[in-house]
Number of protein chains: 2
Amino acid sequence: MQIQVTKKFLSDALSTLERIIPARSNNPVLSYVKIQPSDRGIYLSGTNLELDMEGFVPAQVENGQAVIVPAHLFAQIVRNLPGELVEINLNQSEITLTSGGSNFKLQTGDLSAFPEIQFPSHSDVEMDAKELNRSLSSVRYATATEAFQQVFRGIKFELRAKQVRLVASDGFRLALRDFTGSGVDRNLIVPAKSADELNRILKEGLVKLTFGDHLLSVASDRTKMNIKLLDGEFPDYERVIPSNIKVKVQLPASKLKEAVSRVAVLADKNANNRVEFLVSESKLQLIAEGDYGRAQEVLEVLQEGSEPAISLGFNAKFVSDALGPMEGDVVLQLSGVTTPALFKTTDESGYLAVVVPLRI
Amino acid sequence: MQIQVTKKFLSDALSTLERIIPARSNNPVLSYVKIQPSDRGIYLSGTNLELDMEGFVPAQVENGQAVIVPAHLFAQIVRNLPGELVEINLNQSEITLTSGGSNFKLQTGDLSAFPEIQFPSHSDVEMDAKELNRSLSSVRYATATEAFQQVFRGIKFELRAKQVRLVASDGFRLALRDFTGSGVDRNLIVPAKSADELNRILKEGLVKLTFGDHLLSVASDRTKMNIKLLDGEFPDYERVIPSNIKVKVQLPASKLKEAVSRVAVLADKNANNRVEFLVSESKLQLIAEGDYGRAQEVLEVLQEGSEPAISLGFNAKFVSDALGPMEGDVVLQLSGVTTPALFKTTDESGYLAVVVPLRI
């Protein structure tokens with residue numbers, strides 16, 4: 001026996017790594033995971049070249065040498081093992097897993113062909129893992145899947161002395177969330193897909209960030225990550241946040257979200273799922289009309305503002321997305337029928353969304 | 001108000017119908033559902049030409065005429081309605097749904113273009129819905145997805161005086177299950193996909209069957225179905241059930257199933273996921289070997305039979321499938337290394353499976 005490890009710990013670490021290690025690649029060695037024994041456990045690492053990841057698994061280690069094995073196959077074997085404990089022997093040409101009545105011999109790959117993965121030993125800033133998690137989840141929807149500017153496919157981190165702000169936009173809408181923290185002054189843009197993987201490893205406590213050359217390194221719990229950053233300047237988004245508000249309406253965010261989704265069933269898919277918002281006399285009327293019929297819903301709202309009636313169209317999905325991270329009441333703030341609308345909560349949640357109305 | 005109906009009842013009936021009504025069709029009217037008001041409720045019906053279906057929804061009906069509307073859109077609207085009660089007005093050109101603050105107007109289709117759907121008013125035989133459900137679920141896996149003979153894509157119903165038998169086979173394996181019932185003597189072959197839909201509507205109590213011209217009609221609870229049957233003769237499957245058994249091994253079915261799935265991770269995908277079964281001295285050894293390594297597992301079994309050792313290969317998936325419907329112990333009965341193997345339970349469950357070993 002060289003290494004004895006709890007199946008659950010090993011399996012959990014592999015599940016996290018499996019998400020970033022490609023199942024297939026033009027460079028086949030990228031589909032491997034590296035197993036590196038140490039004094040008190042084993043390090044598992046892999047990369048997709050956009051993102052490196054390392055997980056630590058506590059284990060009883062006598063000896064053994066570093067090897068690489070096909071990641072997904074290895075994970076599948078471990079998950080299916082019959083016992084709670086796994087014995088692993090690492091040799092140059094094969095590793096052996098024994099558990100219960102099962103015995104698996106898996107051929108190793110060429111370790112010298114595997115990319116070198118290194119993580120910083122110091123950290124530049126710490127922040128609350130849960131706050132970062134909530135903020136990433138809140139703004140993620142507003143990133144572009146395709147866009148003329150690559151930066152729109154990322155989430156901007158604005159680190160300031162006392163505040164962290166995450167911003168995402170696709171040019172038609174914008175989402176941002178602020179939270180207390182940082183202590184440094186730095187901007188960086190994290191690719192949306194890497195942000196998703198970062199978000200998955202954020203749990204309790206503090207997460208440590210280290211700034212490298214076009215690189216952000218993150219250490220959280222037993223997992224480490226290097227994220228390749230997006231180059232480029234994030235556009236000046238503050239100018240699209242409307243300040244000259246003409247009409248405000250307030251109602252429960254969940255109520256508006258449900259009503260918009262409901263009427264949108266009949267909205268014209270070829271006209272950006274247009275739903276008409278008509279505000280008048282403390283009522284918000286939603287109307288959608290398409291090839292198959294017409295849907296209408298009237299909602300009671302708290303209204304503030306001098307306009308006798310205002311009518312404008314939104315993409316139903318954009319409104320639903322903007323309302324998604326909200327709890328309690330939303331205050332929908334309209335600056336005009338062609339200018340951006342602001343969605344805020346009544347409390348100081350730090351979250352806000354901007355949606356540009358559809359043209360008439 | 002013409003019709004008042006509970007959202008849940010309407011939504012449930014539509015969900016069942018939605019499964020068979022095509023979302024798109026060369027004949028667009030097939031994507032519609034017919035709404036037919038009656039004294040005590042409304043009938044909803046639709047067809048995919050292989051299968052007609054009708055559901056009854058209790059409702060308070062004042063008046064209204066039969067119409068057709070796009071099925072999936074209608075179902076989506078109903079599911080999202082805010083209230084528990086729905087008011088429906090059926091007119092020739094449009095139907096109106098009102099619930100809570102929502103109002104939907106949906107254009108109707110051309111009723112005269114909709115296929116005529118009729119169900120028999122008598123039944124030929126009744127059987128226990130749960131037994132039929134269990135048997136359909138037990139043999140379904142053995143049907144062929146593609147085969148030289150169309151009948152292999154169906155499930156054979158053998159109705160006899162005191163017994164019902166369902167049989168399925170794809171030429172490489174076979175599954176059958178018997179249960180008490182019937183009272184008639186009849187064979188019919190139900191297409192696998194229609195059998196799946198039939199299975200979904202089987203709940204408690206008795207199900208009524210009526211035999212038509214190449215057609216099986218079924219009435220269960222509030223749902224009726226006409227199923228177009230497969231023509232052709234089901235091959236004489238009884239001759240592949242082995243009788244000259246040389247070795248029997250007995251062990252818990254779940255244990256064998258898990259072990260086979262486990263070692264199969266390393267089996268050669270290009271060699272039918274071959275897993276070697278080696279029986280010797282009250283031990284069953286499973287071995288799989290492929291490009292990435294070798295897996296082995298030893299299981300204790302009760303052995304009966306004179307052969308000193310027997311070794312044969314199976315497709316791992318076929319073994320897992322055969323064990324799927326089993327509870328308790330399986331008795332694996334081997335007739336030779338190239339002849340079919342029989343999988344039975346120790347109790348009189350009525351279920352058995354036959355799997356042909358892989359060639360050497």
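Model, not experiment: these values are computed from the prediction.

Chemist: Hey, could you run me through the relation of the copies chain B and chain A in this one?
Modeler: For these two chain copies, the linking operation is a rotation about an axis paired with a shift along it. Here chain B sits on chain A after a turn of 180° about the axis and a move of 0.0 Å along it, with an RMSD of 0.0 Å. Taken together, the rotation angle and the small translation identify this as a two-fold axis. The residues that chain B uses at the interface reappear at the interface of chain A in 100% of cases, marking a shared surface.

Chemist: How should I be thinking about the interface of chain B and chain A in this particular structure?
Modeler: The figure often quoted for interface size is the accessible area lost as the parts come together. Taken residue by residue, the interface counts 26 residues in chain B and 26 residues in chain A. Summed over both partners, the interface of chain B with chain A comes to about 2,200 Å²; 58% of that surface belongs to carbon and sulfur atoms. Considering only the surface of chain B that becomes buried against chain A, Arg262, Val265 and Tyr292 of chain B emerge as the three largest contributors, covering 27% of it. Along the contact surface separating chain B from chain A lie 0 salt bridges. Looking at the side of chain B that touches chain A, the elements with two or more residues in it are α2 (71-80), β9 (102-107), α5 (253-264) and β21 (293-300) of chain B. Broken down by class, the residue content of the side of chain B that touches chain A amounts to 13 nonpolar, 8 polar and 5 charged. The sheet contact formed by strand β9 (residues 102-107) of chain A and β21 of chain B spans 5 bridges and is antiparallel. Each residue of the ladder has a partner; that of Lys105 of chain A, found in β21 of chain B, is Arg294 of chain B.

Chemist: What is the right way to read the domain arrangement of chain A from this model?
Modeler: The assigned domain composition of chain A is domain 1 (3-113), domain 2 (125-237) and domain 3 (241-355). Each of domain 1 of chain A and domain 3 of chain A has a C-alpha centre, and these two points are 50 Å apart.

Chemist: How should the packing of helix α1 (residues 7-20) of chain B against α2 of chain B be read in this particular structure?
Modeler: A pair of packed helices is characterised by two quantities: the angle between their axes and the separation of those axes. All names here are of chain B. The contact between α1 and α2 brings their axes to 9 Å, and the two run at 150°. In terms of axis orientation, α1 runs roughly antiparallel to α2. Judged by the sense of rotation from one axis to the other, the crossing of α1 with α2 is left-handed. Judged by residue contacts, Lys7, Leu10, Ser11, Leu14, Ser15 and Glu18 of α1 engage His72, Phe74, Ala75, Val78 and Arg79 from α2. Looking at the contact of α1 with α2, its residues break down into 5 nonpolar, 3 polar and 3 charged.

Chemist: Even after reading the chapter, I still don't get the environment of Thr98 of chain A, so can you show me in this structure?
Modeler: Residues and elements named next belong to chain A. In this fold, Thr98 is placed in strand β8 (residues 94-99). Note on Thr98: relative accessible area 30%, which makes it partly exposed. Spatially, the C-alpha atom of Thr98 lies 9.7 Å from that of Gln4, the residues being 94 residues apart in sequence. In contact with Thr98, not counting residues within four places along its chain, are Leu85, Val86, Glu87 and Asn103.

The rules behind the values
- Residues numbered from 1 in each chain as written.
- Chains lettered and ligands numbered in written order.
- Predicted model: local features only at pLDDT ≥ 70, side-chain atom pairs only at ≥ 80, totals over all residues.
- Heavy atoms only, no water.
- Least-squares fit on C-alpha atoms with pLDDT ≥ 70 in both.
- Contact = heavy atoms within 4.5 Å.
- Buried area = accessible area lost by both parts, 1.4 Å probe.
- Salt bridge = Lys/Arg side-chain N within 4 Å of Asp/Glu carboxyl O.
- Helix = DSSP H or I, 4+ residues; strand = E, 2+ residues; numbered from the N terminus.
- Nonpolar A, V, L, I, M, F, W, Y, C, P; charged D, E, K, R; others polar.
- Pairing = 2+ DSSP bridges.
- Domains from an automatic or database assignment.
- Axes fitted to C-alpha atoms, helices over the stretch in contact; angles between N-to-C directions.
- Parallel < 35°, antiparallel > 145°, perpendicular 65-115°, else oblique.
- Left-handed = near helix turned anticlockwise from the far one by under 90°.
- Buried < 20%, exposed > 50% of the residue type's maximum accessible area, 1.4 Å probe, protein only.

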